[in-house]
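# Descriptive structure summary
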2 protein chains.
Amino acid sequence: MQMIHSVKEMNKTIRQMKSSGKTIGFVPTMGFLHEGHQSLISQAKEMCDIVVLSIFVNPTQFGPNEDYLTYPRDIKRDKMIAEEEGVDIIFNPDADEMYPLGESMLVKVNDRVDVLCGRSRPGHFDGVATILIKLFNIIMPDKVFFGLKDAQQVAVVDSIIKNFHYPIQLIPCETKREEDGLAKSSRNVRLSADERQEAALLNKGLQEGLLLINKGERSVSRIKKCVTLFLETHLRLGKIDYVEVLSYPELQSATSITERFIIACAVQYKEARLIDNIVADLDPDLKGEQKQYVAHIDEK
Amino acid sequence: MQMIHSVKEMNKTIRQMKSSGKTIGFVPTMGFLHEGHQSLISQAKEMCDIVVLSIFVNPTQFGPNEDYLTYPRDIKRDKMIAEEEGVDIIFNPDADEMYPLGESMLVKVNDRVDVLCGRSRPGHFDGVATILIKLFNIIMPDKVFFGLKDAQQVAVVDSIIKNFHYPIQLIPCETKREEDGLAKSSRNVRLSADERQEAALLNKGLQEGLLLINKGERSVSRIKKCVTLFLETHLRLGKIDYVEVLSYPELQSATSITERFIIACAVQYKEARLIDNIVADLDPDLKGEQKQYVAHIDEK
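Note that the structure is predicted; figures quoted are calculated from it, not measured.

### Observations regarding the relation of the copies chain B and chain A
In this arrangement, two copies of a chain are superimposed by a rotation about an axis accompanied by a shift along the axis. With an RMSD of 0.0 Å, chain B superimposes on chain A once it is rotated by 180 degrees and translated 0.0 Å along the axis. Classification of the inter-copy transformation places it as that of a two-fold axis. Scanning chain B for the C-alpha nearest the rotation axis identifies B:Val107, at a separation of 2.2 Å. An overlap of 100% is found between the interface residues of chain B and their copies at the interface of chain A, pointing to a shared contact surface.

In structure tokens form, the structure reads like this:
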């Protein structure tokens, strides 16, 4: 495994890979790797010749009151995990390397961001889009891997690729779950024992919504009400931040659900805010009876 | 010569070129080709295997009171000229093709834009940067060619390439001039006979500034004053819009000139606003005696 810190060396290495005809799979991260990242890496290994993992805590995607400086970092541990998972190259630049002219050019994202978690993080996705454009230009991947746990981020990456015409295939990867259905997250350790037990209900609430759709319901307000009611009834410790039903990946609200949709929720616990979602397609042939599945939003 | 309208076909064509090891030279234009473009094309032909010329009148770089709809277009004539000059591929998409998701993502340029012509065209370079990122991703050129006549645009392209880490070499091309020194421009035909004669003085004014520098002057305010005085004294018909002396390509103002600098002016005539500039380097070895020359601002 190679560890590269400079853009120049990365350019050279990528040029060599490309000229020998290797396909490049890219997993962008902010480090502090967990099972979610490991599953992205293993998906990338299956689909590509070379796997590049970037580790970069990107300052421009943190708000002024957010935790850029205290964001957990452990490059030694990350390196070990990446090596074990079979990563070929870690790209680990510093901020000066990625922002040689400071913030003199930024990408402004005007769509898909004023809903879900984006509503409470103004400018967050501007930072995400800016750093991804830099990374895409350096790494020139054939495929890029993101977890559907953060479905809004996947929607924004889809928009970056379409808006700026990147010849890159987006591979959204299924959310990894605990046995009781709780979405895996490094934040889960911040839950108390009682909170941890209750948190499995988030996914159950979303499944209630899907069940209703499978019975033929199409009204967004009724589906939303069903999920909200379930969570309100069953949660004693967590406080609902939002329940949303939107088109996917456009993240538009409508009165009835469209072809591809997302049911998403966020719940605040004492030390952790949890998010979860289901992305699914309506299957017209099954007359309202459709199974949930990972949406492959790339259409190339 | 191939004429391509769709991104998809362009992707396919570029992939073929790349895999056969051809280098790609790119000349981005808004069409209505003139001698300036022709000289960019011939420079590209000299330096690259394949020359791609884009013709696209980019809506996002026009202000609300500017002439997007009436901007001159003549694709038939452009095609003839391009063919004669030996262009290999014209890329001529429509706005829906380039902006498939509308203006849902735009690049915001925060630097090098609040001076010179950018001051009176807020948002202009945001549109320029946005379309260039799209075009760079589609055409994946090795070298990109821009005329130094619009030196601010060259400075912004330099910033795009550095900010977003494009593996592209910027080739700034010398301004073509009439025999009396007037910079060639399609706008020159809008000058009356008297205005046309007077317009040669713009370049002479800039040369006065350079002469002063060659005599050892380093004070920006004195150099600016010298050029302004020359133009004020000699122009009877044109009105000075600005005279500026700045670092290049950073376009920062300082009290004394630095290593690489630009002397630029804009003069308003009845039906045409003319711009001109000199970009030059101070040569420390010549103790203040330096020749004007085209700045190659790319350092790769």
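### Points about the confidence of the model for chain A
Confidence in the prediction of chain A, expressed as mean pLDDT, is 92, and 94% of residues score 70 or more. Note that residues 293–300 of chain A has pLDDT below 50 and, in this model, 29 contacts with residues that lie over four places away or in other chains.

### Topic: the sheet that holds strand β8 (residues 239–247) of chain B
Residue and element names in this part refer to chain B. The strand order β8-β9-β10 describes an open sheet built from three strands, whose pairing is antiparallel. Taken across any chain shown, the strands that pair with only one partner, and hence form the sheet edges, are β8 and β10 (273–281). Strand-to-strand twist of the sheet, defined as the mean angle between neighbouring strand axes without regard to direction, takes the value 10 degrees. As judged from the nine bridges shared by strand β9 (residues 260–268) and β10, these two strands associate in the antiparallel manner. By the bridge assignment for β10, Arg 260 is matched with Asp 281. Against the sheet, helix α8 (residues 220–234) makes contact with β8 and β9, and its axis sits at roughly 155 degrees relative to β8, the strand it touches most.

### Points about the domain arrangement of chain A
All names here are of chain A. Its domain assignment divides chain A into domain 1 (2–173) and domain 2 (186–286). One C-alpha centre belongs to domain 1, the other to domain 2; they are set 27 Å apart. Taken residue by residue, the interface counts 15 residues in domain 1 and 15 residues in domain 2. Taking both partners together, domain 1 and domain 2 bury about 1300 Å²; carbon and sulfur atoms supply 62% of that area.

### A word on the environment of A:Glu195
Mapped onto the fold, A:Glu195 is located in helix α7 (residues 193–214). Polar contacts involving the side chain of A:Glu195 include one to the main-chain amide nitrogen of A:Lys270, which spans 3.1 Å.

### Some points on the packing of aromatic side chains
In total, this model carries eight aromatic pairs over all chains according to the counting rule given. Geometrically, the ring pair formed by A:Phe136 and A:Tyr166 is edge-to-face, given 5.3 Å between the ring centres and 75 degrees between the ring planes. Placement of the pair is A:Phe136 in helix α5 (residues 124–139) and A:Tyr166 in the loop between α6 (151–163) and β7 (169–173), with a sequence separation of 30 residues. The same class applies to A:Phe136 and to A:Tyr166, which are both buried. Ring plane angle 80 degrees and centroid distance 6.5 Å describe the contact between B:Phe26 and B:Phe136, whose orientation is recorded as edge-to-face. Of this pair, B:Phe26 sits in strand β2 (residues 24–29) while B:Phe136 sits in helix α5 (residues 124–139), placing them 110 residues apart in sequence. By the ring-pair criterion, three or more aromatic residues cluster together here, those being A:Phe26, A:Phe136 and A:Tyr166.

### Focus: empty space enclosed by the protein
Evaluated as defined, the whole model comprises three cavities of 30 Å³ or more. What lines the largest cavity is a set of 13 residues, among which A:Leu116, A:Ala151, A:Gln152, A:Tyr242 and A:Ile275 lie closest to the centre. Elements with a minimum of two residues in the lining of the largest cavity: α6, β9 (260–268) and β10 (273–281) of chain A. Here the residues of the lining of the largest cavity are counted per class, giving eight nonpolar, two polar and three charged. When residues of the lining of the largest cavity are assigned to domains, at least three map to each of domain 1 (2–173) and domain 2 (186–286) of chain A. Around the second largest cavity, the lining is made up of 13 residues, and of these B:Lys149, B:Ala151, B:Tyr242, B:Ile275 and B:Asn277 lie nearest the centre. Of all the elements in the fold, those that place two or more residues in the lining of the second largest cavity are α6 (151–163), β9 and β10 of chain B. The class makeup of the residues in the lining of the second largest cavity is eight nonpolar, two polar and three charged. Of the residues that make up the lining of the second largest cavity, three or more belong to each of domain 1 (2–173) and domain 2 (186–286) of chain B.

### Describing the UniProt feature "binding site: beta-alanine" (unreviewed entry) in chain A
Residue and element names in this part refer to chain A. When the UniProt feature table is mapped to this numbering, "binding site: beta-alanine" (unreviewed entry) covers Gln 61. Inspection of the secondary structure assignment puts Gln 61 in the loop between β3 (50–55) and α3 (75–85). By relative accessible area, which is 9% here, Gln 61 ends up buried. Those residues in contact with Gln 61 that lie beyond four places of it in its chain are Met 30, Glu 66, Arg 121, His 124, Gly 127, Val 128 and Ile 131.

### Observations regarding the UniProt feature "binding site: (R)-pantoate" (unreviewed entry) in chain A
Residue and element names in this part refer to chain A. UniProt marks Gln 61 and Gln 153 with the feature "binding site: (R)-pantoate" (unreviewed entry), using the numbering shown here. A maximum C-alpha distance of 11.8 Å places the annotated residues, which cover 93 residues in sequence, within one compact spot. At a separation of 2.9 Å, a polar atom in the side chain of Gln 61 contacts the side chain of Asn 58. Residue position: Gln 153 is located in helix α6.

### Describing the pattern of salt bridges
Residues and elements named next belong to chain A. Here the structure, examined in full by the defined rule, presents 24 salt bridges over all chains. Here Asp 180 and Arg 196 are joined by a salt bridge, their closest N and O atoms 3.0 Å apart. Of this pair, Asp 180 sits in the loop between β7 and α7 while Arg 196 sits in helix α7, and the two are 16 residues apart along the sequence. With a relative accessible area of 31%, Asp 180 lands in the partly exposed category. The exposure class assigned to Arg 196 is partly exposed, which follows from its relative accessible area of 25%.

### Notes on the interface of chain B and chain A
The interface of chain B with chain A comprises 31 residues on the first partner and 31 residues on the second. The junction of chain B with chain A conceals about 2700 Å² of combined surface from both sides, 62% of it contributed by carbon and sulfur atoms. On the chain B side of the interface with chain A, the three residues burying the most area are B:Met105, B:Phe164 and B:His165, jointly 30% of the side's total. Scanning the region where chain B abuts chain A turns up zero salt bridges. Inspection of the chain B/chain A interface yields 19 residue pairs in polar contact (both at pLDDT 80 or more).

Cut-offs applied
Residues numbered from 1 in each chain as written. Chains lettered and ligands numbered in written order. Predicted model: local features only at pLDDT ≥ 70, side-chain atom pairs only at ≥ 80, totals over all residues. Heavy atoms only, no water. Least-squares fit on C-alpha atoms with pLDDT ≥ 70 in both. Contact = heavy atoms within 4.5 Å. pLDDT = per-residue confidence, 0-100. Pairing = 2+ DSSP bridges. Helix = DSSP H or I, 4+ residues; strand = E, 2+ residues; numbered from the N terminus. Axes fitted to C-alpha atoms, helices over the stretch in contact; angles between N-to-C directions. Domains from an automatic or database assignment. Buried area = accessible area lost by both parts, 1.4 Å probe. Polar contact = N/O pair within 3.5 Å; in protein donor to acceptor, adjacent residues only side chain to side chain. Phe/Tyr/Trp six-rings, centres within 6.5 Å; stacked < 30°, edge-to-face > 60°. Buried < 20%, exposed > 50% of the residue type's maximum accessible area, 1.4 Å probe, protein only. 1 Å grid on protein atoms, 1.4 Å probe; cavity = no way out; pocket = protein on both sides within 12 Å on 5 of 7 lines; lining within 4 Å. Points joined across faces, edges and corners; volume = space filled by probe spheres on them. Nonpolar A, V, L, I, M, F, W, Y, C, P; charged D, E, K, R; others polar. UniProt positions renumbered as here; feature names shortened; annotations may be inferred. Salt bridge = Lys/Arg side-chain N within 4 Å of Asp/Glu carboxyl O.

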